[in-house]
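# Fold and contact review
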Amino acid sequence: MTRPAPRPSVLAIDPYVPGKSAAPGAGRVFKLSANETPLGPSPRAIEALRDMAPEIALYPEGSSRALREAIGARHGLDPARIIAGAGSDNILELLALAYVGPGDEGVYSQYGFLEYKIVILAAGGTPIVAPETHYTANVDALLACVNEKTKIVFLANPNNPTGTYLPARDVARLAASLPAHVLLVLDAAYAEYVRREDYEAGVALVNAHENVVMTRTFSKIYGLAALRVGWGYGPAHVIDALNRIRSPFNVSSAGSVAAIAALADEAHLAAAVGHNERWLPWLTREIAALGLTVLPSAANFVAIRFPEAKGLTAADADRFLTARGLVLRAVAAYGMPDFLRLTVGSQEANEKVVAALAEFMQGAGARESARASLHG
């Protein structure tokens, strides 16, 4: 050994690469690659940040007590069973570090959030991938991957990047069927957007089981992505374990006060929900009418499939859209190279992206006709 060497599982990690945010050469850029809310943060959150600015020389309160109490009041939860973190990613990492080690396995679905594989490997465990059905998590496939080595199962519901979800009855069956030693993590980052009557974010299952945890975020519908605030709700024994290993002051005062203010602004939340309710089905319908496949989504984004057999690659579409200032998310790293993920944006952005996709499809159709004529 000539220098320090990390554990082999660390070197097996492909670093998480966020979606691009720039479109060089484009006059105006519409960033539709990160599932950010087009409405921005609550004005109350902005005001709260301004008011606390003179206090930034002081450390935060270490347990995020005020934030946990606000979350508890908003959702009817015991604050003692809530943990706050630097985004829900931080909670996912803590869960893996607390419950997974060398020789252990962690399970997630085929097109699940990339962070699951990263945190399992970082903890020294082995990632196990369960196949999906029609780009939707399959309970039986997840259960088939579980054995005596399994310590954790991650389920994003709704899932990113597909937007698909499992009804409450299916998630309940998964929770009821897991061995007692396996921790089920329900990642509900997009829960506030879901308008389905058969959906439940996870609170009921956490209350009913000793091995179920739910994670949530302020990065999506609340518009606080830059402040990195998330939280988890779980059994007291799980929260106790996480609090033993989380870093001190893991949530900034700025993040806490903004999140508390955002929780209190129910009108802003309702506006964000209403905007998504209007534009998610509109985008799905208009893009499908162009001859493209759009996966059914319960979140604030859609996954669009480009039929490569017709010479319409997602990479070509990505370049075409980026040149026009429309930045979508390539998802080849998820094993979906023929898809782009589109965040629901402002009315202007939504209309522009549909118009640009129509132009792309027309151009591709013309090229296909020209090739057919040439070979005819």
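To start, this report covers the structure provided alongside it. Each chain carries its own residue numbering, running from 1 in the written order of its sequence. The predicted nature of this model means local features are confined to residues of pLDDT at least 70 and side-chain atom pairs, given and counted, to a pLDDT of 80 or more, with totals for whole chains, interfaces and linings taken over all residues. Side-chain metrics in this entry use all non-hydrogen atoms of the structure; hydrogen atoms and water are not considered.

### What about the overall build of the protein chain?
The criterion, for reference: Counting from the N terminus, the helices are the DSSP runs of H or I reaching at least four residues and the strands are the DSSP runs of E reaching at least two. With the radius of gyration taken over C-alpha atoms, the globule rule is written as 2.2 Å times the number of residues to the power 0.38. To sort residues, take the accessible area from a 1.4 Å probe on protein chains only and compare it with the maximum for the residue type: under 20% means buried, over 50% means exposed, and anything in between is partly exposed. Any pair of residues with heavy atoms lying within 4.5 Å of one another is described as a contacting pair. Computed with a 1.4 Å probe, the accessible areas rest on the Shrake-Rupley method; for each residue, only the protein chains presented here act as cover. Residues counted as positive are Lys and Arg, residues counted as negative are Asp and Glu, and His and the chain ends are not counted. All charge positions are set by atom: Lys at NZ, Arg at CZ, Asp at CG, Glu at CD.
Secondary structure summary: the protein chain contains 13 helices and 13 strands in total. Relative to a compact globule of 376 residues, whose C-alpha radius of gyration would be 21 Å, the protein chain shows 22 Å and is just as compact. Seen through its C-alpha atoms, the protein chain measures out along the principal axes to roughly 70 × 55 × 50 Å. Counting all 376 residues of the protein chain, 52% fall into the buried class. Within the protein chain, residue pairs in contact and separated by at least 24 positions form 76% of the contacts whose partners lie at least 6 positions apart. With the model as given, the accessible surface of the protein chain reaches about 16600 Å², and the carbon-plus-sulfur share is 55%. Placing the 34 positive and 36 negative side-chain charges of the protein chain at their respective mean positions leaves the two points 4 Å apart.

### Quick notes on the sheet that holds strand β10 (residues 301–305)
Selection rule: Only strands joined by at least two bridges in the DSSP assignment are considered to pair. All axes are obtained by fitting lines to C-alpha atoms, using only the stretch in contact for helices, and the reported angles, taken between N-to-C directions, cover 0 to 180 degrees.
If you walk across this open sheet you meet the four strands as β9-β10-β13-β12, and the pairing is antiparallel. Each end of this open sheet is capped by a strand with a single partner; those strands are β9 (293–294) and β12 (329–330). Sheet contacts for helix α12 (residues 314–323): β12 and β13 (339–343); angle to β13, the most-contacted strand, approximately 40 degrees.

### Observations regarding the sheet that holds strand β4 (residues 126–130)
Ordered in space as β2-β8-β7-β6-β5-β3-β4, the seven strands form an open sheet in which the pairing is mixed. Each having just a single partner strand, β2 (82–85) and β4 make up the two edges of the open sheet. Strand-to-strand, the axes of this sheet are offset by a mean angle of 20 degrees, without reference to chain direction. Of the pairings in the sheet, the one linking β2 to strand β8 (residues 230–233) comprises four bridges and is antiparallel in character. Following the sheet pairing, G85 is matched in β8 by G230. Sheet strands touched by helix α3 (residues 65–75): β2, β7 (212–217) and β8. Its angle to β2, the strand with the most contacts, is close to 125 degrees. Strands in contact with helix α9 (residues 236–245) are β2, β6 (183–187), β7 and β8; relative to β2, the strand with the most contacts, it is inclined by about 30 degrees.

### Some points on the side chain of S42
Where we set the bar: Counting of polar contacts relies on pairs of N or O atoms within 3.5 Å, with two restrictions inside protein: one atom must be capable of donating a hydrogen and the other of accepting it, and residues adjacent in sequence are counted only when both atoms are side-chain atoms.
Along the chain, S42 falls in the loop between β1 (30–31) and α2 (43–52). Among the polar contacts made by the side chain of S42, one reaches the side chain of D265 at a distance of 2.6 Å.

### Digging into helix α4 (residues 88–99)
Worth spelling out the cut-off: Expected span of a helix, by definition, is 1.5 Å for each gap between consecutive residues, and there is one gap fewer than residues.
The end-to-end C-alpha distance of α4, which contains 12 residues, comes to 17 Å, matching closely the 16 Å that a straight helix rising 1.5 Å per residue would cover. Buried residues of α4: S88, N90, I91, L92, L94, L95 and A96, and no others.

### With respect to the packing of aromatic side chains
Our working definition: The criterion for an aromatic pair is that two Phe, Tyr or Trp rings (for Trp, the six-membered ring) have centres within 6.5 Å, with stacked assigned to planes under 30 degrees apart, edge-to-face to planes over 60 apart and tilted to the rest. To sit over a ring, a charge needs its Lys NZ or Arg CZ within 6 Å of the ring centre and within 35 degrees of the ring normal.
Considering all chains together, one arrives at 13 aromatic pairs under this definition. Their ring planes at 90 degrees and their centres at 5.7 Å tell us that F113 and Y116 sit as a pair that is edge-to-face. For the residue pair F113 and Y116, the accessibility class agrees, reading buried in each case. An angle of 70 degrees between the planes, with centres 5.2 Å apart, marks the rings of Y190 and F301 as edge-to-face. Here Y190, found in the loop between β6 and α8 (203–208), pairs with F301, found in strand β10; they are 111 residues apart in sequence, far enough to count as distant. Per residue, the accessibility class of Y190 equals that of F301, and both read buried. Through a chain of ring-to-ring contacts, three or more aromatic side chains come together here, namely Y16, Y108, F113, Y116 and F154. Across from the ring centre of F320, 3.5 Å away, lies the NZ or CZ of R324, which sits over that ring.

### Side note on the pairing of β4
Residues in a regular strand project their side chains so that they alternate between the two faces of the sheet. Formally: Crossover handedness is defined here as right-handed if the route from the first strand over the helix to the second strand goes clockwise, with the strands pointing away from the viewer.
Of the strand pairs in this sheet, strand β3 (residues 105–109) and β4 are connected by five bridges, and their pairing is parallel. Counterpart to V107 in the pairing with β4 is I128. The parallel pair β3 and β4 is bridged by helix α5 (residues 114–122), and the resulting crossover is right-handed.

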